[in-house]
Each structure stands twice: as structure tokens, then as C-alpha cells.
Amino acid sequence: MTSSGEPPYFSPDGRQCYCANVNIQILPTEVFNRGANVEHLQLHQNRLEDLPEELINLREIVELEIQNNNFKLLPKVICQLQTLSILRASLNFLETLPPDIDNLKNLRVIELENNAISTFPVVLTYMTNLKVIKLDGNMITAIPDEISSLKQLNVLSVSKNLLTTIPNSITNLKRLSHLNVSHNQLTSLPAGLGKMKTMKELFFSFNAVTTLPQSIFELKGLRMLGIDNNMLTEVPTDLKIRFRNLTHLRLDNQRTTDDLVPTASTVTPTNYSIDPRIGSEQVFHLRCHQDSDDSEDQPMRERVSQPRRRILKRTAKTSPERNKANRPKRRTVEAKLPRHTGRKGRVPLKK
């Protein structure tokens with residue numbers, strides 16, 4: 001970027017325009033005067049509330065960043081940017097989307113995290129070319145059945161909302177590889193989850209799910225699975241075998257109906273995790289509290305496999321003072337070295 005003078009700043013080829021984090025409320029006219037070739041316009045971290053109609057002059061624009069501003073409504077001029085492929089509008093005050101946004105036939109990515117959206121924008125389900133939808137941190141209560149019309153969708157992230165159910169129609173998204181519904185109010189998962197053969201990353205942590213649908217074990221390509229902080233009462237102990245491609249697994253902190261932590265006396269173990277230091281060995285271990293009536297604050301006990309135990313032994317850290325104190329003392333005696341060295345050495349005695 002050329003940084004001489006006042007913003008906006010343009011890249012040498014004129015394809016990028018940077019006018020972010022400069023505390024502006026009105027877009028400088030220079031953006032339109034010099035922006036004929038602009039493909040990437042960065043306007044994030046300002047105080048913008050609207051965008052002028054002249055923005056339509058940016059006929060080559062591909063990516064627009066307007067996150068962290070003061071937009072309460074998405075500017076209508078955005079709906080006329082036919083070449084737009086990526087729209088980042090997180091951290092604003094948006095409550096809904098204009099109905100004309102489906103005019104953006106080339107839009108592939110839309111990011112609307114941390115706004116004030118209470119209803120899933122149904123207009124998005126008409127935009128069949130969308131590949132990424134991010135709606136985290138809103139107040140959405142339901143996902144419409146029409147979500148199944150987004151045949152090209154790869155990523156759907158709706159964590160930190162108020163969802164209570166996930167429609168079964170979501171299982172018709174044959175290309176979905178990333179689904180994040182963590183931090184909601186879910187009590188169950190779609191029964192047909194196993195039909196989503198392209199799924200690689202699945203997260204539904206911090207909900208109230210009590211059972212796993214059997215079809216979930218058909219997701220052979222799953223690499224990341226987050227189901228911690230739920231209310232699972234039973235988890236198969238052979239997850240290592242069922243999900244051979246897993247590199248990340250979180251199953252800890254399963255709550256009961258009384259919000260109690262499972263103890264070692266529980267018939268079926270529920271708390272699993274994978275140690276990232278072990279990596280490809282994928283050694284799973286069980287974490288549970290000791291079952292004791294004498295004290296409520298018993299230390300946590302780990303049952304680990306032998307490879308894990310060796311790693312803990314090898315990576316254990318102790319202070320130098322402790323090492324020195326525990327080191328056995330060795331009896332020594334002064335001994336003269338050959339005269340040409342003129343030095344003295346200490347030779348240990350054999351016991």
C-alpha cells in the first residue's frame with residue numbers, strides 16, 4: 001500500500017484500497033475517483049453508518065470489508081455490486097438483511113458474526129452459490145428448512161445463538177464440511193447426520209445433547225469433533241477405531257441432570273480427550289474424578305495408556321534446586337594429574 005498523504009491508501013496496481021481504522025463517518029470521494037480497478041476495499045473499524053451510491057462505480061470489486069462499524073441496515077448499494085464475491089459485515093448492529101441481497105449472484109462468502117440478527121435470513125437460502133455462511137454471536141432461534149437448497153455450501157457456523165433444534169433438512173447439504181453449532185440450547189442432533197459424507201469438522205460443544213445419533217459414526221472422514229460440555233450419558237469407548245482420521249477430539253466436562261461431574265463409579269465413561277503432544281498416535285485417555293465420600297475436593301486421576309505415560313515422564317519439569325537436593329552425593333578424593341598439566345582433578349571413588 002502507498003501510505004503517502006491522507007487515507008485512502010491504494011496498492012501500486014490499484015487493486016486494493018485501504019481506508020480502515022481511521023475513524024471516519026463518511027467515505028472519502030477519492031475512493032470512487034481512483035477506484036476503477038479496486039477489487040479489495042477495506043473499510044473496517046470506522047464509524048460508518050451508510051455507504052454512498054457512488055460505490056457502484058467500483059465495477060471490479062470482489063471483496064468488501066465493513067466489519068466493526070455502526071451499520072444498523074446493510075447499505076442498499078451493496079446489493080448492486082454484481083462482481084462482489086466476499087462480504088464481511090461482522091461486529092455491526094444489523095438486525096436483518098435487505099431482500100435485494102439475492103441479486104449478488106457471485107457472492108460466495110458472507111460473514112455476519114456479532115450483530116443483532118434474531119431470525120435466520122431466509123433470503124440467504126435463495127443464494128444457491130454461497131459456500132460460506134457465518135452467523136455466530138447473534139440471537140437466532142431456528143434454522144429454516146430451506147437451508148437444504150444451498151447445495152454448494154461448505155461452511156455453516158451459527159455458534160453462540162439461541163438454537164434449540166437443527167432441522168433434518170440440513171443433512172441434504174452434501175458438500176458441507178464444517179458445521180459449528182456450539183454454545184446453543186440443543187438437546188439432540190439430526191438423526192441423518194451420517195449422510196453428510198464430506199463432513200470434516202463438527203462442533204456442538206456447550207449444549208445439552210444427551211445422546212449421539214448412531215449415524216454420526218458413518219462420518220469416516222471426520223477430522224475434528226467437539227462435543228464437550230454437553231449432557232452425554234454414554235460414549236463408545238472405541239472412538240479411536242471408529243474415527244481413524246481424527247486429529248482433534250473434545251469430550252470432557254459432560255454434565256448430568258443435576259449438573260454433577262461424573263465420577264469413577266460411573267458405569268459408562270464419558271470424559272475423553274486427545275493429547276495433542278501425542279499427535280499421530282491418537283492415544284485417548286479417560287479423565288474422571290476420584291469417587292470418595294471423605295472429601296469433595298479430591299485430585300483428578302488420569303488413566304493413560306503406556307505411550308502417554310512415557311511422554312509425561314519425559315516432559316516432567318522440576319526445579320534445579322530440587323534436582324540438586326535429590327542428587328546422590330558422591331565421595332571424591334583429590335588426585336594429581338600428570339605434572340605437565342599442572343592441574344588437579346577430582347576422581348570419584350568406587351563404592
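Our subject in this report is the structure included herewith. (Residues numbered from 1 in each chain as written. Predicted model: local features only at pLDDT ≥ 70, side-chain atom pairs only at ≥ 80, totals over all residues. Heavy atoms only, no water.)

## Topic: the side chain of S169
Now for step 1: Mapped onto the fold, S169 is located in the loop between β8 (155–157) and β9 (178–180).
Now for step 2: A relative accessible area of 13% places S169 in the buried class.
Now for step 3: If we ignore the near neighbours within four places in the chain, the residues touching S169 are P144, D145, I147 and S148. (Helix = DSSP H or I, 4+ residues; strand = E, 2+ residues; numbered from the N terminus. Buried < 20%, exposed > 50% of the residue type's maximum accessible area, 1.4 Å probe, protein only. Contact = heavy atoms within 4.5 Å.)

## Remarks on the pattern of salt bridges
Now for step 1: Evaluated as defined, the whole model comprises seven salt bridges.
Now for step 2: Between E111 and R88 there is a salt bridge whose closest N-O contact spans 2.6 Å. Highlighted residues: E111 in strand β6 (residues 109–111) and R88 in strand β5 (residues 86–88), separated in sequence by 23 residues.
Now for step 3: Close ionic contact of R242 with D238 constitutes a salt bridge, the shortest N to O distance being 3.2 Å.
Now for step 4: The class of R242 is partly exposed, set by a relative accessible area of 28%.
Now for step 5: Residue classification places D238 among the partly exposed positions, given a relative accessible area of 27%.
Now for step 6: What you see here is one network of salt bridges that share partners, running through E63, R88 and E111. (Salt bridge = Lys/Arg side-chain N within 4 Å of Asp/Glu carboxyl O.)

## Here's the deal with unusual backbone geometry
Now for step 1: For N21, which is not a glycine, the phi torsion comes out positive at approximately 55 degrees.
Now for step 2: Examined against the element boundaries, N21 turns out to sit in the loop between β2 (16–18) and α1 (30–33).
Now for step 3: The phi angle at L91 is positive, at roughly 55 degrees, despite the residue not being glycine.
Now for step 4: Within the element layout of this structure, L91 appears in the loop between β5 and β6.

## Quick notes on the environment of V158
Now for step 1: Position of V158 among the secondary structure elements: in the loop between β8 and β9.
Now for step 2: Every residue in contact with V158, bar those within four places of it in the chain, is listed here: F120, L135, D136, I143, L163, N180, V181 and N184.

## Considering the side chain of D136
Now for step 1: Among the secondary structure elements, D136 is positioned in the loop between β7 (132–134) and β8.
Now for step 2: Engagement of the side chain of D136 in a polar contact is seen with the side chain of S157, the distance being 2.6 Å.
Now for step 3: A polar side-chain atom of D136 sits 2.5 Å from a polar atom in the side chain of S159.
Now for step 4: Other than its neighbours up to four places away in sequence, D136 contacts L112, E113, N114, S157, V158, S159, N161 and N180. (Polar contact = N/O pair within 3.5 Å; in protein donor to acceptor, adjacent residues only side chain to side chain.)

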